[in-house]
Amino acid sequence: MFASLLQAVSEPGRGRVLVVDGGASMRCALLGDMLAKAAVDNGWSGIIVNGCIRDSEDIGKMALGVKAIATHPLKSSKRDPGRAQPAKRVCKCWLFNVCDASSES
């Protein structure tokens, strides 16, 4: 998976959002600060991960919108290259971050 993600974020993002289908796996992180930095450097606006990320504190300081299921400290295996599929325009939509307001009085 790492090789496919590295290849994707190394391409010009042109303000697009990358969608990573990790099969909702909770076994390891699919995205970390190094891949996120490469995405920022190449003009990606965001990454949506159907799986986990690591280095969330560092990624949160970057000019990159990232949504994932959870965080996980374990890096993904470099042995599984993953599969890149051609980009498809799925829809025009807005993504909202809904905050839990229960802590407010």
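Refer to the preceding data block for the structure.
Residues numbered from 1 in each chain as written. Predicted model: local features only at pLDDT ≥ 70, side-chain atom pairs only at ≥ 80, totals over all residues. Heavy atoms only, no water.

When you go through the protein chain residue by residue, the secondary structure sums to 3 helices and 4 strands. Beginning at the N terminus, the succession of helices and strands in the protein chain can be written as α-β-β-α-β-α-β. Expressed as a percentage of its 105 residues, the buried residues of the protein chain come to 27%. For the protein chain, the share of sequence-separated contacts (at least 6 apart) that also reach a separation of at least 24 residues comes to 61%. By element, 56% of the accessible surface of the protein chain is carried by carbon and sulfur atoms, the whole surface being about 7,600 Å². (Helix = DSSP H or I, 4+ residues; strand = E, 2+ residues; numbered from the N terminus. Buried < 20%, exposed > 50% of the residue type's maximum accessible area, 1.4 Å probe, protein only. Contact = heavy atoms within 4.5 Å. Areas by Shrake-Rupley, 256 points an atom, 1.4 Å probe, with all protein chains shown as cover.)

Here we take up the pattern of salt bridges. In the structure shown here, the tally under the stated rule is 2 salt bridges. Across the pair lysine 37 and aspartate 41 runs a salt bridge, and its minimum N-O distance is 2.9 Å. Taken together, the residues lysine 37 and aspartate 41, both in helix α2 (residues 33-41) and 4 residues apart, mark about one turn of the helix. Accessibility expressed as a relative area gives 51% for aspartate 41, which makes it exposed. Residue aspartate 55 is joined to arginine 54 by a salt bridge in which the shortest nitrogen-to-oxygen separation is 3.5 Å. The exposure class assigned to aspartate 55 is partly exposed, which follows from its relative accessible area of 26%. Here arginine 54 falls in the partly exposed class, since its relative accessible area comes to 21%. (Salt bridge = Lys/Arg side-chain N within 4 Å of Asp/Glu carboxyl O.)

Bringing the side chain of serine 25 into the picture now. Tracing the chain through its elements places serine 25 in the loop between β1 (17-21) and β2 (29-31). There is a polar contact of 3.1 Å between the side chain of serine 25 and the backbone nitrogen of arginine 27. Beyond its immediate stretch of four places on either side in the chain, serine 25 contacts Asn50, Gly51 and Cys52. (Polar contact = N/O pair within 3.5 Å; in protein donor to acceptor, adjacent residues only side chain to side chain.)

It is worth spelling out unusual backbone geometry at this point. At alanine 24, a position not held by glycine, the phi torsion is positive, near 60 degrees. Mapped onto the elements of the fold, alanine 24 is located in the loop between β1 and β2. Looking at alanine 24, the relative accessible area reads 38%, which means it is partly exposed. The backbone of aspartate 55 sits at a positive phi, close to 55 degrees, despite the residue not being glycine. Mapped onto the elements, aspartate 55 comes out in the loop between β3 (46-53) and α3 (56-60).

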